[in-house]
Protein chains: 2
Amino acid sequence: MSVLRFPRSLTRRTFSRHFSSIDLHPSQPRAPSILTSVPGPKSLALSEEIGKFQDPRAHYFVADYEKSSGNYIVDADGNILLDVFAQVASIAVGYNSPPLLEYAKSDEFIKAALNRPGLGSFPPVQWSEWINQGLMTVAPNGLDQLCTTLCGTSANETAFKLAFMAYRQRERGGDFTTEELETCMSNHSPGSPDLSILSFKGGFHGRLFASLSTTRSKALHKVDIPAFDWPAAPFPQLLYPLEDHIKENQEEEEKCLLEVERILIDQKSTKPVAAMIIEPILSEGGDHHASPSFFRSLRSLAKKHSVYFIVDEVQTGVGATGTFWAHEKWELGKGQEPDFVTFSKKMQASGVYHKLETRASKPYRNYNTWMGDPMRTLQARQILQIISSHNLVSHTSTIGALLHSTLSEIFVHFPQLILNFRGKGEGTFLSWDMPDSSIRDKFLLLVRQRGVHMGGCGEKTVRLRPMLVFGEEEVIVLADVVEGVLKMMKE
Amino acid sequence: MSVLRFPRSLTRRTFSRHFSSIDLHPSQPRAPSILTSVPGPKSLALSEEIGKFQDPRAHYFVADYEKSSGNYIVDADGNILLDVFAQVASIAVGYNSPPLLEYAKSDEFIKAALNRPGLGSFPPVQWSEWINQGLMTVAPNGLDQLCTTLCGTSANETAFKLAFMAYRQRERGGDFTTEELETCMSNHSPGSPDLSILSFKGGFHGRLFASLSTTRSKALHKVDIPAFDWPAAPFPQLLYPLEDHIKENQEEEEKCLLEVERILIDQKSTKPVAAMIIEPILSEGGDHHASPSFFRSLRSLAKKHSVYFIVDEVQTGVGATGTFWAHEKWELGKGQEPDFVTFSKKMQASGVYHKLETRASKPYRNYNTWMGDPMRTLQARQILQIISSHNLVSHTSTIGALLHSTLSEIFVHFPQLILNFRGKGEGTFLSWDMPDSSIRDKFLLLVRQRGVHMGGCGEKTVRLRPMLVFGEEEVIVLADVVEGVLKMMKE
């Protein structure tokens, strides 16, 4: 097995130093170190052990989280990889963040972790303090209500529930009818109403039944699972680079908006649309972008047809696009804010921000045993403090621009391999297509073998999802490995 | 405000000492202490603060988890209550369990808590060890596969997904057809199949869309939320005490079984039933019991009609009924095991045990970002070690019998107030009805005001859900308070 050791070219590209990941992770590796194939023999043996009780076929490798640090993940065989997939975009401030490790030893954290309460009925005395010092400090404009959940899927489905309840309440005015209370017990209308959620082709909103009914990423995610007969609208298929296709892209977006409005009107006579859900960048489906103007028009259409507007920021939220929430770039303006914004992943806590008008009409309607997890809420508070005190959102905006220009310089030499490079102005939330899925998969394998762990999405897309502590040194390592692999693949 | 102080009668009833909660919680209070109304002024003020961003109307009181200990919960006003509701049956070994607190300071726990991985793709090197030392040690007979999730609802919905996928795979044999792959993208049959889950009236399986479609507890849980048109079968309405109504109850169970089979047959021409889901005791719906023979017949019916059999042990599991799993009492025998057993709550970790034959046919079909939480898995391992080393399951069986006979002695004097006392032989999983919901609610309020925190379920039921560390001293405190309140209500 060949042994690759970095840094072989750490000095080749030099940038003005504005942030180093070492500031936050003094003991982080400076470069990858690859000792075996990835997965190596120890990973494979451990996967086999796991395979006795769980499906191991989606394993990339088995990881050693005790040894991982900052931007670098260590696998079972001691390979050290620069991780720009970050547990499917779920790590904000690096593995084993020293201030988080320190905080986790506190009585506050330990007791919150071990005494999980039923938050809806027996909240802890510190609950409003924890929320106001943490999750509420980043509440999207106009949204002052918060319902915590345990994952992104349940955040989205909670938004659906709140939207359905508010929609019916608005239609009905007063209290439930006897017929509603009776029919809902047998899952029939009017108690179980024939309403729908509109989603977009290529969108991904989770894997349970209602969220999966709105997910339109891949057949393998959906096949064999019963689904609600809910509508899907086309999402603009833009041409890149955007600045070279302004007119075509504008036409494409207008075409999609017309179709959205047609669906909203058509559904009124079948299953009226109570809410539409949209990601600011359709991530799992292949990193599809649209213009702020498109999203502003969508929002207006929703308002025009009295449809709630849910923005799914599970993957885009918490800074990676260079603003805290990706939808900030739409500049929706007062009175045009989303009705719901959902989050999870990097926040570690999950939930939905909303408005008082969509609070359920009675207690116990939006309710479950745990209603979220205080321990993850505290972790979120600490993560947000680190993000804030180190300006990691504006850092990500800057480093994203640097990463984009660095990769652009390289990609110009590989026009057959790199297509539709996109995400400029979206922080480190960058991606590109490759000619087909097998070439994309080969590329991912080769860069991993050279110490950079990246993920794919959609059919043939490579997506970068670095952490917010991704710094200049990491840009250099990433760029070197990508360039080396592209050169090899071109030959 | 009157001040009640215990123990006023701790010596009145004496039992042979076989377990004291003090063994595991040396600093636990010996009795309640009530200083204010519950909720008191501090609770009310904190609820109002929380009410600015979250619905506070289901709050009982705001709790001080740092001060709570063992069986006793402390509220914001310093009231100390014996907690036999236990966060809706979610606390196994007591608040602030000393061995758990000690363990939580370990590097293993802290790093697992802070570095949440994507378990399906990047499991930690210790994963099989953690599972084999923990959750797998209590795997139900015949089930050697485990899929971890984040809550009971997602455990049930994951079981549904696995059942639907296995059912269609069995029908189809080979790979998906092109038509299936295409139609599922628009949520239509055959790709999104017209299959159903059969559940039982009075059952509760969660609050998201598919689980809520199987939940048949209360209209308020279901109204306004679109649901799948899935069938519900009647669950036996038994007469208590069981030993006095053997013949009527047997007839009632047979009637229900006939109806189940009728539904299974009828559905074949509309939405065939892929799986049925049942709780061993229908808990949220009002603690409805049935005989082991009924459950054995259900299991046989499922097998006869090639329907998967899901046992929802989210509330009944982990020892409270005096066996680790409540369904152990059915003695299903080899080859008749459930296909799926789901768990959450007291285990802190959540998930579904199943068989290799229901593993998804391809990777990424049963998949999501986190696929469970190693930190909760470790917490479960430690809880299971405490349960095992202190024999808390057999303890709960013994103490449950003691609690049952103690309450029976009291209840015999209040035949107008206490109806259908049930749960004999089911550990501490006891319950009774009261004449109507307002009397039940008044009873709960009065016992809480005297330092015992109990919960209701169904329309007019009181349910006891003590922790597994509930001991003799707690039986005495509970019995004294219940007797005192019943005397007062009778006057």
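Residues numbered from 1 in each chain as written. Chains lettered and ligands numbered in written order. Predicted model: local features only at pLDDT ≥ 70, side-chain atom pairs only at ≥ 80, totals over all residues. Heavy atoms only, no water.

Using the criterion set out here, one finds 58 salt bridges over all chains in the structure. For R168(B), the salt bridge identified is with E180(B), shortest N-O distance 2.3 Å. With R168(B) in helix α7 (residues 152–172) and E180(B) in helix α8 (residues 178–183), this pair connects stretches of sequence that are twelve residues apart. For the residue pair R168(B) and E180(B), the accessibility class agrees, reading buried in each case. Between E426(B) and K329(B) there is a salt bridge; the shortest N-O distance is 3.1 Å. One end of the pair, E426(B), is in the loop between β12 (419–422) and β13 (431–433); the other, K329(B), is in the loop between β9 (308–312) and β10 (340–343), and 97 residues separate them in sequence. For E426(B), a relative accessible area of 16% puts it in the buried group. Linked by salt bridges that have partners in common, R168(A), E171(A), R172(A), E180(A), R365(A) and D224(B) make up one network. (Salt bridge = Lys/Arg side-chain N within 4 Å of Asp/Glu carboxyl O. Helix = DSSP H or I, 4+ residues; strand = E, 2+ residues; numbered from the N terminus. Buried < 20%, exposed > 50% of the residue type's maximum accessible area, 1.4 Å probe, protein only.)

Let us now look at unusual backbone geometry. Across the chain, the bulk of peptide bonds are trans and the bulk of non-glycine residues have phi less than zero. The step from S189(A) to P190(A) runs through a cis peptide bond, and the omega angle for that step is 5°. As for its position among the elements, P190(A) is in the loop between α7 (178–183) and β6 (196–200). A cis amide bond links Y240(B) with the next residue in sequence, P241(B), at an omega value of -5°. Phi at V88(B) takes a positive value of approximately 50°, unusual for a residue other than glycine. Relative to the assigned elements, V88(B) resides in helix α3 (residues 86–89). Here A89(B), not a glycine, exhibits a phi torsion of approximately 65°, which is positive. Examined against the element boundaries, A89(B) turns out to sit in helix α3. Taking relative accessible area as the criterion, A89(B) reaches 1% and is therefore assigned buried.

Note: a rotation about an axis with an accompanying shift along it relates these two copies of the chain. Of the transformation placing chain B onto chain A, the axial shift is 0.0 Å and the rotation is 180°, giving an RMSD of 0.0 Å. Interpreted geometrically, this transformation is the action of a two-fold axis. A shared interface surface links the copies, since 100% of the contact residues of chain B are contact residues in chain A too. (Least-squares fit on C-alpha atoms with pLDDT ≥ 70 in both. Contact = heavy atoms within 4.5 Å.)

All names here are of chain A. According to the domain assignment, chain A consists of domain 1 (4–85 + 390–478) and domain 2 (116–387). Between the C-alpha centres of domain 1 and domain 2 there is a distance of 30 Å. Facing 26 residues of domain 1, the contacting portion of domain 2 comprises 23 residues. Buried area between domain 1 and domain 2, both sides added, is near 1900 Å², and the carbon and sulfur share of it is 56%. When the area that domain 1 buries against domain 2 is broken down by residue, the three leading residues are V393, E426 and F429, summing to 32%. Where domain 1 meets domain 2, there are three salt bridges. One salt bridge in this structure joins D287 and R465, with 2.4 Å as the shortest N-O distance. At the boundary of domain 1 and domain 2, one finds 14 residue pairs in polar contact (both at pLDDT 80 or more). (Domains from an automatic or database assignment. Buried area = accessible area lost by both parts, 1.4 Å probe. Polar contact = N/O pair within 3.5 Å; in protein donor to acceptor, adjacent residues only side chain to side chain.)

Residues M276(A), L298(A), M347(A), M276(B), L298(B) and M347(B) are the most contacted members of the largest nonpolar core, which totals 220 residues. Sequence-distant contacts of L298(A), that is, excluding residues within four places in its chain, are made with F200(A), L257(A), V260(A), M276(A), I278(A) and F309(A). Counting 36 residues, the second largest nonpolar core, distinct from the first, contains L402(B), W432(B), F443(B) and V475(B). (Core = buried A, V, L, I, M, F, W, Y, C linked by side-chain atoms within 4.5 Å.)

In this section: the packing of aromatic side chains. All names here are of chain A. Within this structure, the stated rule accounts for 59 aromatic pairs over all chains. Geometrically, the ring pair formed by Y60 and F85 is tilted, given 6.2 Å between the ring centres and 35° between the ring planes. One end of the pair, Y60, is in the loop between α1 (41–51) and β3 (72–74); the other, F85, is in the loop between β4 (80–83) and α2 (86–89), with 25 residues separating them in the sequence. On the basis of relative accessible area, Y60 is assigned to the buried category, the value being 18%. (Phe/Tyr/Trp six-rings, centres within 6.5 Å; stacked < 30°, edge-to-face > 60°.)

Right, let's get into the interface of chain B and chain A. Reports of interface size often rely on the accessible area that becomes lost once the parts have come together. Chain B puts 120 residues into the contact, and the matching count from chain A is 120 residues. If you sort the residues of chain B by the area they bury against chain A, F53(B), F122(B) and D224(B) come out on top, with a joint share of 8%. Between chain B and chain A we count eight salt bridges in total. One salt bridge connects R172(B) with D224(A), and the closest N-O pair in it is separated by 2.7 Å. Inspection of the region where chain B meets chain A yields 71 residue pairs in polar contact (both at pLDDT 80 or more). Ranked by the residues each element gives to the side of chain B that touches chain A, the list is headed by α7(B), at eight residues. Residue composition of the side of chain B that touches chain A, by class: 61 nonpolar, 31 polar and 28 charged. (Nonpolar A, V, L, I, M, F, W, Y, C, P; charged D, E, K, R; others polar.)

All names here are of chain B. The interhelical angle for the contact between helix α11 (residues 246–267) and helix α12 (residues 292–304), taken along N-to-C directions, is 15°, at an axis separation of 11 Å. As summarised for this structure, α11 and α12 are arranged roughly parallel, according to the angle between their axes. Here the hand of the crossing between α11 and α12 comes out right-handed. Of the residues in α12, those in contact with E253, C256, L257, V260, E261 and L264 of α11 are F294, S297, L298, L301 and K304. Split into classes, the residues belonging to the contact of α11 with α12 amount to seven nonpolar, one polar and three charged. (Axes fitted to C-alpha atoms, helices over the stretch in contact; angles between N-to-C directions. Parallel < 35°, antiparallel > 145°, perpendicular 65-115°, else oblique. Left-handed = near helix turned anticlockwise from the far one by under 90°.)

Below, the discussion takes up the sheet that holds strand β8 (residues 273–278) of chain B. Residues and elements named next belong to chain B. As summarised here, the arrangement of the seven strands in space is β5-β11-β10-β9-β8-β6-β7, forming an open sheet in which the pairing is mixed. Looking along the sheet, the strands with just one partner apiece sit at the ends: β5 (145–149) and β7 (232–233). Examined bridge by bridge, β8 and β9 share four bridges and lie parallel to one another. Bridge pairing links I278 to V311 in β9. In the packing of α11 onto the sheet, the strands contacted are β6 (196–200), β7 and β8, and the crossing angle to β6 comes to about 165°. (Pairing = 2+ DSSP bridges.)

Looking now at the packing of helix α14 (residues 392–411) of chain B against helix α16 (residues 472–490) of chain B. Residues and elements named next belong to chain B. Between α14 and α16, the shortest axis-to-axis distance is 10 Å and the interhelical angle comes to 20°. In this view, α14 runs roughly parallel relative to α16, as classed from their interaxial angle. Between α14 and α16 the crossing geometry is right-handed. When α14 is examined against α16, the residues I399, L402, L403, T406, L407, I410 and F411 are found in contact with a partner set consisting of E472, V475, L478, A479, V482, E483 and L486.

Here we come to the sheet that holds β6(A). Residue and element names in this part refer to chain A. Pairing within the open sheet is mixed, and its seven strands lie in the order β5-β11-β10-β9-β8-β6-β7. Edge positions in the open sheet fall to β5 (145–149) and β7 (232–233), since each of these has one partner strand only. In this structure, β6 lies alongside strand β8 (residues 273–278), joined through three bridges in parallel fashion. Note on β8: the bridge partner recorded for S196 is V273.

All names here are of chain B. Within the fold, H289 resides in the loop between β8 and α12. Of the residues examined, H289 reaches a relative accessible area of 7% and is grouped as buried. Separated by 85 residues in sequence, H289 and F204 have C-alpha atoms that sit 14 Å apart. When neighbours within four sequence positions are excluded, H289 is seen to be in contact with F235, P236, L238, Y240, I281, R422, G423 and E426.

Residues and elements named next belong to chain B. Along the chain, F443 turns up in helix α15 (residues 437–449). Judged by its relative accessible area of 0%, F443 is buried. Separated by 45 residues in the primary sequence, F443 and M488 place their C-alpha atoms 10.0 Å from one another. If we ignore the near neighbours within four places in the chain, the residues touching F443 are W432, M434, M454, V462, V482, V485, L486 and M489.

This part is about the side chain of E426(B). Side chain to side chain, E426(B) and K329(B) meet in a polar contact 3.1 Å long. Dropping the residues within four chain positions of it, E426(B) is found in contact with I281(B), H289(B), A320(B), T321(B), G322(B) and K329(B).

Quick look at helix α14 (residues 437–449) of chain A now. All names here are of chain A. For α14, built from 13 residues, the straight-helix expectation of 18 Å at 1.5 Å per residue is met to within 8% by its first-to-last C-alpha distance of 18 Å. By the burial criterion, the buried members of α14 are R440, F443, L444, L446, V447 and R448. At the exit of α14 stands G451, carrying a positive phi of roughly 100°. (Expected span 1.5 Å × (residues − 1).)

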